[in-house]
Amino acid sequence: MAQAFFGGVHPNDMKAATNEKAIEQLEAPAEVVIPMSMHIGAPCKPIVAVGDKVTIGQKIGEPGGFVSAPIHASVSGTVKAVEPRPFSMGGTMMSVVIENDFQNTVCPDIHPVEDPDSLTPEQLVEIVKNAGIVGMGGATFPTHVKITSGIGKVNTVIINGAECEPYITGDHRTMLERPEEIIGGAKFLAKMFGVDKVVIGVEDNKRNGIDAMNKVIAEQKAPVVVEPLRCRYPQGGEKQLCQAITGREVPPGGLPADIGCAVFNINTTCAIYRALTTGMPVVRKIVTVSQDPGVPHRHPRLQPVGRLRRPEGRYIQADRRRPHDGHGPVHRGHLRGQGHRRHPGLLRERGEDRGESPVHPLRQVRVRLPDAPGAPVHVPVCLQGHGGGAE
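Predicted model only: the values in this text are computed from it and were never measured. (Residues numbered from 1 in each chain as written. Predicted model: local features only at pLDDT ≥ 70, side-chain atom pairs only at ≥ 80, totals over all residues. Heavy atoms only, no water.)

### Here's the deal with the confidence of the model for the protein chain
Summary statistics for the protein chain give a mean pLDDT of 79 and a share of 73% for residues scoring 70 or more. Across residues 309-316 the pLDDT falls below 50, and counting only partners more than four positions away or on other chains, this stretch makes 44 contacts in the model. Confidence drops under pLDDT 50 across residues 320-326; counting only partners more than four residues distant or on other chains, this segment forms 69 contacts. (pLDDT = per-residue confidence, 0-100. Contact = heavy atoms within 4.5 Å.)

### A short note on the sheet that holds strand β8 (residues 92-100)
Within a sheet, each strand pairs with its neighbour through backbone hydrogen bonds, oriented either parallel or antiparallel. Taken in spatial order, the four strands line up as β2-β8-β7-β4 in an open sheet, and their pairing is antiparallel. The strands lining the two open edges of the sheet, one partner per strand, are β2 (31-35) and β4 (53-54). Pairing of β4 with strand β7 (residues 77-86) involves two bridges; the strand directions are antiparallel. By the bridge assignment, V54 is partnered in β7 with G77. (Pairing = 2+ DSSP bridges. Helix = DSSP H or I, 4+ residues; strand = E, 2+ residues; numbered from the N terminus.)

### Quick word on the packing of helix α2 (residues 143-150) against helix α4 (residues 179-193)
Where α2 contacts α4, the two axes come as close as 9 Å, and the packing angle between them is 40°. Of the possible angle classes, the one that applies to α2 and α4 is oblique. Where α2 abuts α4, its residues K146, I147 and G150 lie against L189, M192 and F193. For the contact of α2 with α4, a count of residues per class yields four nonpolar, one polar and one charged. (Axes fitted to C-alpha atoms, helices over the stretch in contact; angles between N-to-C directions. Parallel < 35°, antiparallel > 145°, perpendicular 65-115°, else oblique. Nonpolar A, V, L, I, M, F, W, Y, C, P; charged D, E, K, R; others polar.)

### What about the packing of α4 against helix α5 (residues 207-220)?
At a minimum axis distance of 9 Å, the contact between α4 and α5 shows a crossing angle of 55°. Relative to α5, α4 is oriented oblique. In this structure, α4 meets α5 at a crossing whose hand is right-handed. Residues P179, E180, I182, I183 and K187 of α4 form the contact with α5, whose own contacting residues are A212, M213, V216, I217 and Q220. Among the residues forming the contact of α4 with α5, the class breakdown is seven nonpolar, one polar and two charged. (Left-handed = near helix turned anticlockwise from the far one by under 90°.)

So this is what it looks like as structure tokens:
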């Protein structure tokens, strides 16, 4: 087992409600609001107009700079508006509003990539760039920028499967249900960076996920190693993960690249695999919807995101439209405003009679971790998910 980083805490992981629930495809909303900033960096410029017909995977936002990523339609239908809408990070953001026709028509320009194994690293990176792939662990940094800036400098590629946050289990379910995508994406990353192997770091409370990936690695003889990690928060922080796996410490104010590392989320890796095999850009994301099973009645406050909960159940692992990722209930971005599409962060869910402020990252940890009495319930907002337990 890999060595531990310094410090850390041991919160109750609260994962039992969802870690055995298979990923489900949830119903898409009748209207989708897609902000032109779904990533760190320059916002995109809309390239569609009111009345235009769009299809799934069609590019609707052109990158506004080098550190940016194109945005694609997550449903097929008609553009209803192109206007500023309330934004998850505060204020407003230019957004494309699509009225869903529920035909699920895929863009005709999307087709499987012919023999991706024959492509050069530069060609692979270009496909990743055009697919709009960003970090799906919460940071949403454009993936092509991370790869391009790391080529020639990075000697250790790490896939982050720690998933140390309480409640969330989407990465765990991905390991169990889509291990071929994880290993396939890791092999492409090895080729792009020119490294001999890729290391996947997974906390040891996901032994069945580790076994599922090791089985695929053995079958494919892939240059990938799964490294079990001790359960400790914040194991999933990329600096802590680098130290646990390599023994090298990222300097203050530095980045993993400063010690020769590049870190990618499990579902970012899957998105790379899908883009390089099917040609499909990022239009989906896995999200866990969960809460304290000991609290029988709490009602969601902000639900224009879509139907994140089945009427008959409280916990969901849902396959939802559109990508971008939230953190967990301790390290998170708090949502503001309304709208169907959310940027990194969480949809907060709480009892109607409760008015607590949201949990602040690593503050109030002793009294506000999810297993503390009266702690608020948080729902990660990203569009693809899974779930657990029925009322």
